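A structural walkthrough
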Amino acid sequence: MALHFEKRKSASTAALFIVPLASFLASLALTSLLLLAFEVNPAATFAAMFKGAFGSWRAFTETLVKAIPLMLTSLGVALAFKLRFWNIGAEGQLVMAGVAASWVALFWSGWVPGALLLPLAILVGCAAGALWASVPALLKTSLAVDETLVTLMLNYVAILFADSLYYGPWRDPKGYGFPGTAPFPKEAWLPRISGRAHVGLYFALALALVLWFLLNRTRWGFELKIIGSSPRAARYEGIAVERNVVLAVLLSGALCGLAGACEVTAISHRLQQGLAIGYGFTAIIVAWMSQLNPLAIAPVSILMAAILVGGDQVQMKMGLPSAMGQVMQGMILFPMLAGSLFTEFRIRRSAPRAGGPAPGREGAA
Amino acid sequence: MSDPQAGAGTRLVEMRGIRKSFPGVQASDDVCLSLDSGEVLALLGENGAGKSTLMNILAGLYHPDAGQILVRGRAARISSPRDAAALGIGMVHQNFMLVDSMSVAENVVLGMKGLPFVPDLRKVKAGIRELSERYNLRVDPEAYVWQLSVGEQQRVEILKLLYRRAEILILDEPTAVLTPQESAELNAVVRRMRSEGKAAIFITHKMEEVMTFSDRVMVLRRGKLVAERRTADTDPRELARLMVGREVLFCVDKRPFSPGDCVLELEGVRAEDERGLPALDGLDLRLRSGEILGIAGVAGNGQRELAEVITGLRPATAGRIRLKGRDVTNGSPLSLIRSGVGHVPQDRSSVGAVGDLSVAANLAMKGYRSRPVSVGPVLRPSRILELAKRLIAAFGIATPSPQTRVKFLSGGNVQKTILAREIGACTSLLVAVYPSRGLDVGATEAVRKELVAQRDAGRAVLLVSEDLEELAQVADTIAVLFEGRVMGTFPACEADPETLGLLMSGAKKEA
């Protein structure tokens, strides 16, 4: 009996749920093998990770703290990916937004009413993210420059630019040499809900709904879908391909920028080292795991954040390298990519030859 | 190996009873062909006559379903281009097989058998220079392929074959990409090869080329060999008749032709193709409401560009296009859609339809901008589904459900989907490019009926087709396109195959 791959006529709904779950389980199995190689008990390790991420209210809020920027950047990345615009510059867009929001928070307080400082910091942050994303978008639509390279490289430009600010002109003179700016005035602090979890969570959840509606229920979303599937067809349908790509990528950059603005105004309350810790890259995994569906991004982000937070716990409790959390993320991606095969295809066993027992049966008997 | 000094008459190749079918098409149907040394043979026929298939079999790219090939009197199994090369057979394809980022010399030896691990490129370059001189094929062996013009690239392809000591050259539509001067030079090269006892086969649909290049001509039609003549014993008139076939032309009954006002008018329109070569060369056209204007011609003479210029997808570099008296030259695709121009494009799978989206989404792709499918910026999925169900029923689109992705439909149903959408969006002019190409009899019939229905509803229809039977049945007026110009326009009922064939091969201006 042979196994065949057969293309599914329409994507199976069950597969959409089962495949990510099965991929996740497969990645647990793969990680177990690795943990066994380190001579630690996988079950105990996973239990410790789970406890570290969800074991207490405080732990859960810390998981949310990491989930918020992941949700926002993943929404941004997913939007760009829908158009096959490979924005792997979410990290840089996040950092530039952090820088811009910090600029507003630190230097505008003198001449802007206090109540406007926070909204302005966040808006200017989003604008900076969009501006940073506009560079690869315009280069691609006007000169056909590959966006993958440009977005990737601009990450490093942004990170080094931020470094140069808090090591240089923006460094807090009272900071005892710590690489960071002075703390923001209180008016520029984004309110927290519980622990360090902040209202950015509401932004992220609301924007997931908005983005879903935009993509699935509006004319613009329909145009983006056509562009993403076939730019030539879109042009033939009278859709302004270039303009819409630029618009969507600006929005993508703004979403990533919101993540950065929230990080500085809600968590660190200053621009400091540790803003760029890879959310923008993890967002790529989240976006794919969510199959670019905005509604799936929230739970998947929480799962990913749990792995990150739990990974830190494992380091302390089991004496494992903290990189284990990142290793697990990588281990998830591989089964995910393999798993996407099963949403598109199904396995069919070919029927035994008609009019006789299946070959090989007699020999076995 | 045969003696290169042998004069004409040595039988080099013999193909016997070659058959080859593709799904739905008998591309070669019991074809026999022979080629002697020192001879130039022309294969003449319309698109889809089976010329390229036959030559791809000889060059080892296709395997025949049946038949025998003898090379120099011995039965040959040619199962790859490498086998063909070993027998001295080489082919220059219509789309050149060169690596842009490599030099001429590197391309010439690329994939050659028995080459040392590090080839001595100096020796190769010297060899190329010698061949260049002998055949007057001017190419710099050091140049990179991307630096070369199309004509130069063709010379590299020919050099590649000569360097491998090919004695039987197959050239697929070689002059399609050449200027007249370059064509003359190519002719000189071929003559020189012939004088050395080599042989060549030309695939062509241009009469002039047959008359100047070849010693003998074979005419293919729908996979069959219909005639063979010595070039000296025939004339373009006879060849045109043989190529087109007399039996295909007749008029069918449809509502009497009563054209209305002028809908579309083109005046001296020029446009370029992707390579920047002129594709439309001062084209004039007039189309009235209630009229189907058929554009006849061999593919690649500006048909695609004509449709794209009218629908705003390709800029016109000169001339005027008027739609119902309004100047729409270089209007945006959207503005033309809004003026009620429907377009069934040549490339149905990647332009006309989006395979990854559902049938319903594809059907909504023109109507989504307005009520009832959308209200303001918001789509109404229930109305999209309603519209889809209505069109699926009205046009008999065979699909498991409106949600099925279009890539799983058959070609005929994809075409019906496009047609359903475009007809819905079309209020003044429908441009249909090869609408029945590759469809089965039933789907073809449905498409043609729909075109006639549009005409009877008072719209203007521009039908580009390579199927003369279709044009004769459906069109009211036929215009023949050759090298981006209209060679002649006449009522469909008065069209005779000889004139059409001559105009299509550029042999004659309208009398």
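Since the structure is predicted, the reported quantities are computational estimates derived from the model, not experimental observations.

For the rest of this paragraph, the subject is the sheet that holds strand β21 (residues 477-482) of chain B. Strand pairing in a sheet takes place through backbone hydrogen bonds and is either antiparallel or parallel in direction. All names here are of chain B. The strand order across the open sheet formed by 6 strands is β16-β19-β20-β13-β21-β22, and the pairing between neighbours is mixed. The two strands at the open ends of the sheet, each matched to only one other strand, are β16 (341-344) and β22 (485-491). Each neighbouring strand pair of the sheet contributes to a mean axis angle of 15 degrees, computed without reference to strand direction. In the sheet, strand β19 (residues 429-433) pairs with strand β20 (residues 460-464) via 5 bridges, with the strands oriented parallel. Note that in β20 the partner of Leu429 across the bridge is Ala460. Its contacts with the sheet put helix α9 (residues 303-310) on β13 (292-296), β16, β19, β20 and β21, and the angle it makes with β19 is roughly 155 degrees.

The interface of chain B with chain A comprises 32 residues on the first partner and 24 residues on the second. Buried surface at the junction of chain B and chain A, both sides included, amounts to about 2,500 Å², of which 56% is carbon and sulfur. Our count for the contact surface shared by chain B and chain A stands at 4 salt bridges. Its salt-bridge partner being B:Arg421, residue A:Glu237 comes within 3.4 Å of it at the nearest N-O pair.

A separate point is the confidence of the model for chain A. When the pLDDT values of chain A are averaged, the result is 86; 87% of them are 70 or greater. Across residues 350-365 of chain A the pLDDT falls below 50, and counting only partners more than four positions away or on other chains, this stretch makes 6 contacts in the model.

Residue and element names in this part refer to chain B. Taken together, 4 strands build an open sheet; the order of strands is β2-β1-β4-β5 and the sheet is antiparallel. Strands with a single pairing partner mark the edges of an open sheet, and in this sheet they are β2 (25-36) and β5 (74-75). In this sheet, β2 lies alongside strand β1 (residues 11-22) in antiparallel orientation, the contact comprising 8 bridges. Looking at the pairing, Ile18 lines up with Val31 of β2. Contacts from helix α1 (residues 51-58) reach β1, β2 and β4 (66-71), with the element oriented near 120 degrees to β1.

Residues and elements named next belong to chain A. Counting across every chain of the model gives 12 aromatic pairs over all chains. An angle of 35 degrees between the planes, with centres 6.2 Å apart, marks the rings of Trp86 and Trp288 as tilted. Placement of Trp86 in the loop between α3 (57-82) and α4 (90-107) and of Trp288 in helix α11 (residues 279-289) is noted, with a sequence separation of 202 residues between them. Note on Trp288: relative accessible area 35%, which makes it partly exposed. An aromatic cluster is built from Phe50, Phe54, Trp57 and Phe60, whose rings are joined through pairwise contacts. The residue whose ring lies beneath Lys186 is Trp189, and the NZ or CZ to ring-centre distance is 4.8 Å.

Turning our attention to the side chain of B:Asn362. Its place among the elements puts B:Asn362 in helix α12 (residues 359-363). In this view, B:Asn362 contacts B:Ala353, B:Val354, B:Leu357, B:Val406, B:Thr417 and B:Arg421; residues no more than four positions away in its chain are not counted.

Next up on the list: the packing of helix α8 (residues 219-229) of chain A against helix α10 (residues 241-268) of chain A. Residue and element names in this part refer to chain A. Closest axis-to-axis distance for the α8/α10 pair is 11 Å, and the angle between their directions is 110 degrees. Taken as axis vectors, α8 and α10 run roughly perpendicular relative to one another. The segment α8 lies against α10, with Trp220, Glu223, Leu224 and Ile227 engaging Val241, Asn244, Val245, Leu247, Ala248 and Leu251. In terms of residue class, the contact of α8 with α10 is built from 8 nonpolar, 1 polar and 1 charged.

The next point concerns the pattern of salt bridges. All names here are of chain B. Under the counting rule described, the total for this entry stands at 43 salt bridges over all chains. Of the charged contacts, one joins Arg155 and Glu182 as a salt bridge, the two residues approaching to 3.9 Å between their closest N and O atoms. Here Glu182 lies in helix α6 (residues 180-195) and Arg155 lies in helix α5 (residues 150-163), a separation of 27 residues in the sequence. With a shortest N-O distance of 4.0 Å, Arg405 and Asp356 are connected by a salt bridge. Of the two residues, Arg405 is situated in the loop between α13 (381-395) and α14 (411-425) and Asp356 in the loop between α11 (348-352) and α12; the sequence distance between them amounts to 49 residues. For Arg405, a relative accessible area of 11% corresponds to the buried category.

Residue and element names in this part refer to chain B. Relative to the elements of secondary structure, Asp83 occurs in helix α2 (residues 81-86). Here Asp83 falls in the partly exposed class, since its relative accessible area comes to 28%. Separated by 24 residues in the primary sequence, Asp83 and Ala59 have C-alpha atoms spaced 8.4 Å apart. Once you skip the residues sitting within four places of it in the chain, Asp83 turns out to touch Arg77 and Ile78.

Because the α-helix completes a turn every 3.6 residues, residues three or four places apart line up on one side. Residue and element names in this part refer to chain B. Taking 1.5 Å per residue as the helical rise, α5 with its 14 residues ought to reach 20 Å, and the 20 Å between its terminal C-alpha atoms agrees with that figure. Taken together, the buried positions of α5 are occupied by Gly151, Gln153, Gln154, Arg155, Val156, Glu157, Ile158, Leu159, Lys160, Leu161 and Leu162. Buried residues along α5 sit in contact with β6 (89-92), α3 (104-109), α4 (121-135), β7 (168-172) and α6. Looking one or two residues beyond α5, the residue adopting positive phi is Arg165, at roughly 60 degrees.

What follows covers the nonpolar core. Ranked by size, the top nonpolar core spans 158 residues in total, and within it A:Phe222, A:Ile226, B:Leu363, B:Leu451, B:Ile478 and B:Val480 carry the most contacts. It is α10(A) that provides the largest number of residues to this core, a total of 15 residues. Every residue in contact with A:Ile226, bar those within four places of it in the chain, is listed here: A:Pro231, A:Ala233, A:Ala234, A:Ile239, B:Val354, B:Leu357 and B:Met365. If you look at the next biggest cluster of nonpolar residues, it comprises 45 residues, including B:Val104, B:Leu186, B:Ala200 and B:Val217.

Definitions and limits used
- Residues numbered from 1 in each chain as written.
- Chains lettered and ligands numbered in written order.
- Predicted model: local features only at pLDDT ≥ 70, side-chain atom pairs only at ≥ 80, totals over all residues.
- Heavy atoms only, no water.
- Pairing = 2+ DSSP bridges.
- Helix = DSSP H or I, 4+ residues; strand = E, 2+ residues; numbered from the N terminus.
- Axes fitted to C-alpha atoms, helices over the stretch in contact; angles between N-to-C directions.
- Contact = heavy atoms within 4.5 Å.
- Buried area = accessible area lost by both parts, 1.4 Å probe.
- Salt bridge = Lys/Arg side-chain N within 4 Å of Asp/Glu carboxyl O.
- pLDDT = per-residue confidence, 0-100.
- Phe/Tyr/Trp six-rings, centres within 6.5 Å; stacked < 30°, edge-to-face > 60°.
- Buried < 20%, exposed > 50% of the residue type's maximum accessible area, 1.4 Å probe, protein only.
- Lys NZ or Arg CZ within 6 Å of the ring centre and 35° of its normal.
- Parallel < 35°, antiparallel > 145°, perpendicular 65-115°, else oblique.
- Nonpolar A, V, L, I, M, F, W, Y, C, P; charged D, E, K, R; others polar.
- Expected span 1.5 Å × (residues − 1).
- Core = buried A, V, L, I, M, F, W, Y, C linked by side-chain atoms within 4.5 Å.

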